[in-house]
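An overview of the molecular structure
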Amino acid sequence: MTVQLGIPVLRLARNNNQRPAPVSRPAGLPSTLLDRFGRHATDMRLSVTDKCNLRCTYCMPADGMPWLPKEAVMTAGEIERIVGIGVERLGVRELRITGGEPLVRPDLVEVIATLRARHPKLPISMTTNGVGLDKKAEALEEAGLTRVNVSLDSLHEEVFTQLTRRPFLGKVLAGVEAARAAGLGPVKINAVLMRGVNDQEAPELLEWALQRDFELRFIEQMPLDAERGWTEHGMITAPEIHALLSADFVLERDRRQRDGAPAERFEVRRRHVATGEASGTVLGTVGIIASVSEPFCSDCRRTRVTAEGKIMRIRPMLVRYFAAACAAAGVEEEHLDVPDGTTLDGLIAVTLTVDRGIAGAAGTALSLAEVITRSTFLRNEVALRDRGAALSAGDVVDVLPPFAGG
């Protein structure tokens, strides 16, 4: 039996030894960013720099990373052009400015103003660590920024410094308040819980956010740290986050459609001490982003543009997985010959014959086993949840890592 390993690349026809022939869009497809899984990318995440002024333990090493040379980073004009193509030709409906840390880019306000002038109705948000936001929030709002997401993992100086390796909690809190004052709302707070470090702060963080009308989102730690410190045991999972919050609050699933949003949202009420039941009115909402334990790849609407201007719809991990899988099976083709009745678990075992390191999104080395065990599998472009199900001859098996398209 032959099972095809689907690789998300275009098959380009060659004419003798000429360069690959261009591939035209099939008739009837809309002029949007549509991938082979039927996902329309309407949300563009655009990095304006790779540099950052924090050294979060779950993100990068203490000494930082080798930064891109200045000439390799997109200019303001290049950013305007690529966003223009996305919005005016390819159906992008929302833009998120990211980094690194966007605030370290000197011409950030000018970049936002240029984008706003060209796209008056486009929602333009920004993800930031908040350091320096107190000095730029008002100017960014006047330039046309819609709102901000601020990363904040702890309200305690010692814990914040341990996580970020920088004593900047006061600066972040000042930045959050400045964003609210400037009208960059609704302000969303992103928090990553680390076992034994800040996990017990979950209820406190939520209380703090609710009092200020911020929407807090807890994000499972993803295996992207450059020092390879991630472990499945160390990750606080979505059910654990829910349990931590449930000691003080009652969470009820928000009835609104997620519409491709990564966070599962819950309405929050206070838990009555005596009865344990929900008490009073809804205080606000909280989101939980289960990037690892409950991947949402099938509904991903994002396209990522790196600081160099590279488009990353599904990250290279997907292609590298299959390349390694083929090598593990000793073949160069995109097919594996396996016995009739082979299950998905059996196919995975074949691909793990060679457990080689493969590069992650941040240049980290991850083993195939680490990636596969947390991935979503598709059989003939439909999610395959039963790994014990037998595959059939001609089946196409695709894998979406938990951080694909993030």
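The rules behind these values
- Residues numbered from 1 in each chain as written.
- Predicted model: local features only at pLDDT ≥ 70, side-chain atom pairs only at ≥ 80, totals over all residues.
- Heavy atoms only, no water.
- Helix = DSSP H or I, 4+ residues; strand = E, 2+ residues; numbered from the N terminus.
- Buried < 20%, exposed > 50% of the residue type's maximum accessible area, 1.4 Å probe, protein only.
- Expected span 1.5 Å × (residues − 1).
- Contact = heavy atoms within 4.5 Å.
- Right-handed = clockwise from strand over helix to strand, strands pointing away.
- Pairing = 2+ DSSP bridges.
- Salt bridge = Lys/Arg side-chain N within 4 Å of Asp/Glu carboxyl O.
- Axes fitted to C-alpha atoms, helices over the stretch in contact; angles between N-to-C directions.
- Left-handed = near helix turned anticlockwise from the far one by under 90°.
- Arc of directions from axis to C-beta.
- Core = buried A, V, L, I, M, F, W, Y, C linked by side-chain atoms within 4.5 Å.
- pLDDT = per-residue confidence, 0-100.
- Parallel < 35°, antiparallel > 145°, perpendicular 65-115°, else oblique.

A look at the overall build of the protein
- Counting secondary structure elements, the protein contains 10 helices and 18 strands.
- A buried classification covers 48% of the 406 residues belonging to the protein.

Quick look at helix H5 (residues 169-182)
- Here H5 spans 20 Å end to end across 14 residues, near enough to the 20 Å set by a 1.5 Å rise per residue.
- Of all the positions in H5, only Leu-169, Val-172, Gly-175, Val-176, Ala-178, Ala-179 and Ala-182 are classed as buried.
- Close packing links the buried residues of H5 with helix H3 (133-143), strand S5 (147-151), helix H4 (157-164), strand S6 (188-191) and helix H6 (202-211).
- Gly-183 occupies a position one or two residues after H5 and carries a positive phi of about 90°.

Points about the pairing of strand S4 (residues 124-128)
- Counting buried positions along S4 yields 5 of 5 residues, so the element is predominantly enclosed.
- Handedness of the crossover joining strand S3 (residues 94-98) and S4 through helix H2 (residues 108-118): right-handed.
- Relative to S5, S4 runs parallel, the two being bridged by 4 bridges. Looking at S5, one finds that Ser-125 is bridged to Arg-147.

Comments concerning the pattern of salt bridges
- For the coordinates displayed, the defined rule picks out 13 salt bridges.
- For Glu-88, the salt bridge goes to Arg-118, with nearest N and O atoms at 2.9 Å. Placement of the pair is Glu-88 in helix H1 (residues 76-89) and Arg-118 in helix H2, with a sequence separation of 30 residues.
- Judged by relative accessible area, which is 48%, Glu-88 ranks as partly exposed.
- A salt bridge links Asp-134 to Lys-135, with the nearest nitrogen and oxygen atoms 3.9 Å apart.

A short note on the environment of Leu-205
- Here Leu-205 lies in helix H6.
- You can call Leu-205 buried: its relative accessible area is 1%.
- The residues touching Leu-205, leaving out its near neighbours within four places in the chain, are Leu-152, Asp-153, Ser-154, Leu-155, Ala-191, Leu-216 and Phe-218.

Brief notes about the side chain of Thr-42
- Tracing the backbone shows Thr-42 in the loop between strand S1 (2-5) and strand S2 (43-47).
- Setting aside residues no more than four positions away along its own chain, Thr-42 makes contact with Gly-91, Val-92, Arg-93, Glu-94 and Arg-301.

Let's talk about the pairing of strand S10 (residues 278-289)
- Relative to S10, strand S7 (residues 215-219) runs parallel, the two being bridged by 4 bridges. Counted as the bridge partner of Ile-219 is Ile-289 from S10.
- Where strand S9 (residues 264-271) folds back on S10, the antiparallel hairpin that results is connected by 6 residues, among which Gly-276 adopts a positive phi of roughly 75°.

A look at the packing of H1 against H2
- Two elements in contact, H1 and H2, have axes whose closest approach is 10 Å; the angle formed by their N-to-C orientations is 30°. Between H1 and H2 lies a crossing whose hand is right-handed. Here Ala-76, Ile-79, Glu-80, Arg-81, Val-83, Gly-84 and Glu-88 of H1 come into contact with H2, specifically with Val-111, Thr-114, Leu-115 and Arg-118.

Remarks on H4
- Burial in H4 covers these residues: Val-159, Phe-160, Leu-163 and Thr-164. Here the buried residues of H4 occupy an arc of 115° about the axis, which is enough to place them on one side.
- Packing partners of the buried residues in H4 comprise H5.

Topic: the nonpolar core
- Grouped together as the largest cluster of nonpolar side chains are 75 residues, with contacts concentrated most on Leu-46, Ile-97 and Phe-218.
- When near neighbours in sequence (up to four residues on either side) are disregarded, Leu-46 contacts Met-74, Ile-79, Ile-82, Val-83, Leu-95, Arg-96, Ile-97, Thr-98 and Val-305.
- Leu-344, Leu-347, Ile-348 and Val-397 belong to the second-largest nonpolar core, a separate cluster that totals 7 residues.

What to know about the confidence of the model for the protein
- On average, the protein scores 79 in pLDDT, and the residues at 70 or more come to 71%.
- Counted against residues more than four places away or in other chains, residues 2-25, with its pLDDT under 50, gives 55 contacts.
- Every residue in residues 314-334 scores below 50 in pLDDT, and together they form 62 contacts with partners more than four places removed in sequence or on other chains.

Some points on the environment of Arg-302
- Mapping Arg-302 onto the fold places it in strand S11 (residues 302-305).
- Placed 262 residues apart in sequence, Arg-302 and His-40 show a C-alpha to C-alpha distance of 8.2 Å.

Re unusual backbone geometry
- A cis geometry characterises the amide bond from Gly-99 onward to Gly-100, with omega recorded as 10°.
- The topology assignment puts Gly-100 in the loop between S3 and H2.
- For the bond from Gly-185 to Pro-186, the omega torsion is 5°, close enough to zero to count as cis.
- If you trace the backbone, Pro-186 turns up in the loop between H5 and S6.

Observations concerning the packing of H2 against H3
- The contact between H2 and H3 brings their axes to 8 Å, and the two run at 20°. Viewed along their axes, H2 and H3 adopt a mutual orientation that is roughly parallel. The hand of the H2/H3 crossing is right-handed. Across the interface between the two elements, Leu-108, Val-109, Ile-112, Ala-113 and Arg-116 from H2 touch Ala-139, Leu-140 and Ala-143 from H3.

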